[in-house]
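As a plain string of letters, each chain reads:
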Amino acid sequence: MGIFDRIILSIYTLLLALLSLGVVLLSVRLISLEWVWTGILHINGRWEAGLLGMVFFLVSLRLLLAGIRTRRVKDTIVHHTDMGDVHISLEAIKNLVEKTSRHTRGVRGVKVRVNHDGQGLKVVLKVVISPENNVPNVSEELQKKVHEYIKNTVGVQLVDVQIIVENISNDFKSKQRVE
């Protein structure tokens, strides 16, 4: 639920609290029933009251849908321990995969995408491999390294490590340094 929905929910809750307070005061006869009927008769046939009722109805629907909306898959992996939960972000796993990939012989550049669905963790690597290396051997070594490193470091079995060779090049893709 976003900040806009939270603000609407706060205002809506405050108005419902005031309405329920009015019902309580009416039930213990601190507010006259005739006063309530007079108020209802004043709004009878007024378009402003209908508009306000429609706004409340639409806000109710929005809040209802915001509450039951399916959440996308969380961007973390959760390990349950005796002392509490440990959340590991997919961004952290992505960084580990990048580090491992860059230290693999024959890999000149890498782009990593990590997905977590109901089946498990999937990693897609788009790599640039140097031409003096055997592409299938480098790919297989990279898959094994990434799989083992994530298994040993994070404690998660990867379902799939997919390698896409984008280019075969001698050029290093280094970060620009600012001096």
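Residues numbered from 1 in each chain as written. Predicted model: local features only at pLDDT ≥ 70, side-chain atom pairs only at ≥ 80, totals over all residues. Heavy atoms only, no water.

Check the Sequence similarities (unreviewed entry) section of the UniProt entry for the chain; it says "Belongs to the asp23 family." (UniProt positions renumbered as here; feature names shortened; annotations may be inferred.)

Draft legend 1. How the structure looks around the side chain of S130. If you trace the backbone, S130 turns up in the loop between β4 (120-129) and α5 (135-153). At 2.4 Å, the side chain of S130 forms a polar contact with the side chain of N133. Sequence-distant contacts of S130, defined by excluding residues within four places in its chain, comprise G106, R108, I168, S169 and N170. (Helix = DSSP H or I, 4+ residues; strand = E, 2+ residues; numbered from the N terminus. Polar contact = N/O pair within 3.5 Å; in protein donor to acceptor, adjacent residues only side chain to side chain. Contact = heavy atoms within 4.5 Å.)

Draft legend 2. Broad picture of the pattern of salt bridges. Scanning the entire structure with this criterion turns up five salt bridges. When the shortest N-O distance is used, the salt bridge between E132 and R108 registers 3.1 Å. Pair noted here: E132 is in the loop between β4 and α5 and R108 is in strand β3 (residues 107-117), with a separation of 24 residues, a long-range link. Residue classification places E132 among the exposed positions, given a relative accessible area of 52%. (Salt bridge = Lys/Arg side-chain N within 4 Å of Asp/Glu carboxyl O. Buried < 20%, exposed > 50% of the residue type's maximum accessible area, 1.4 Å probe, protein only.)

Draft legend 3. Region of the structure containing the UniProt feature "transmembrane region" (unreviewed entry) in the chain. Look at the UniProt record and you will see "transmembrane region" (unreviewed entry) annotated at residues 7-27 and 47-65. Counted over residues 7-27, helix gives 100% and strand 0%. Its end C-alpha atoms are 30 Å apart. Spanning residues 47-65, this segment combines 100% helix with 0% strand, and its end C-alpha atoms are found 27 Å apart.

Draft legend 4. Spotlight on the nonpolar core. Ranked by size, the top nonpolar core spans 24 residues in total, and within it I93, V97, L121, L125, V146 and I150 carry the most contacts. Counting residues per element, the ones that place at least two in this core are α4 (90-102), β3, β4, α5 and β5 (158-168). The dominant element in this core, judged by the number of residues it contributes, is β4, at five residues. Beyond its immediate sequence surroundings of up to four residues, L125 is in contact with V97, S101, V110, K111, V112, L142, V146, V161, Q162, I163 and I164. (Core = buried A, V, L, I, M, F, W, Y, C linked by side-chain atoms within 4.5 Å.)

Draft legend 5. How the structure looks around helix α2 (residues 33-43). Between a side-chain oxygen at the N-terminus of α2 and the backbone nitrogen of E34 the separation is 3.2 Å; the capping residue is S32. Positive phi shows up at G45, right after α2, with a value of about 80°.

Draft legend 6. Quick peek at the sheet that holds β5. With mixed pairing, the three strands of this open sheet are ordered in space as β3-β4-β5. Both outer strands of the open sheet, β3 and β5, are each paired with one neighbouring strand and no more. Going across the sheet, the axis of each strand differs from the next one's by a mean of 15°, ignoring polarity. As judged from the nine bridges shared by β4 and β5, these two strands associate in the parallel manner. Following the sheet pairing, L121 is matched in β5 by L158. Along the sheet face, α5 touches β3, β4 and β5 and points at about 145° away from the line of β5. (Pairing = 2+ DSSP bridges. Axes fitted to C-alpha atoms, helices over the stretch in contact; angles between N-to-C directions.)

Draft legend 7. Structural context of the packing of helix α1 (residues 3-27) against helix α3 (residues 47-68). Direction vectors running N to C along α1 and α3 enclose 125°, while the axes themselves pass 11 Å from each other. Looking at the two axes, α1 sits oblique to α3. Note on packing geometry: the crossing formed by α1 with α3 is left-handed. Listed contacts from α3 to F4, D5, I8, L9, Y12 and L15 of α1 are F56, V59, S60, R62, L63 and A66. The class makeup of the residues in the contact of α1 with α3 is nine nonpolar, one polar and two charged. (Parallel < 35°, antiparallel > 145°, perpendicular 65-115°, else oblique. Left-handed = near helix turned anticlockwise from the far one by under 90°. Nonpolar A, V, L, I, M, F, W, Y, C, P; charged D, E, K, R; others polar.)

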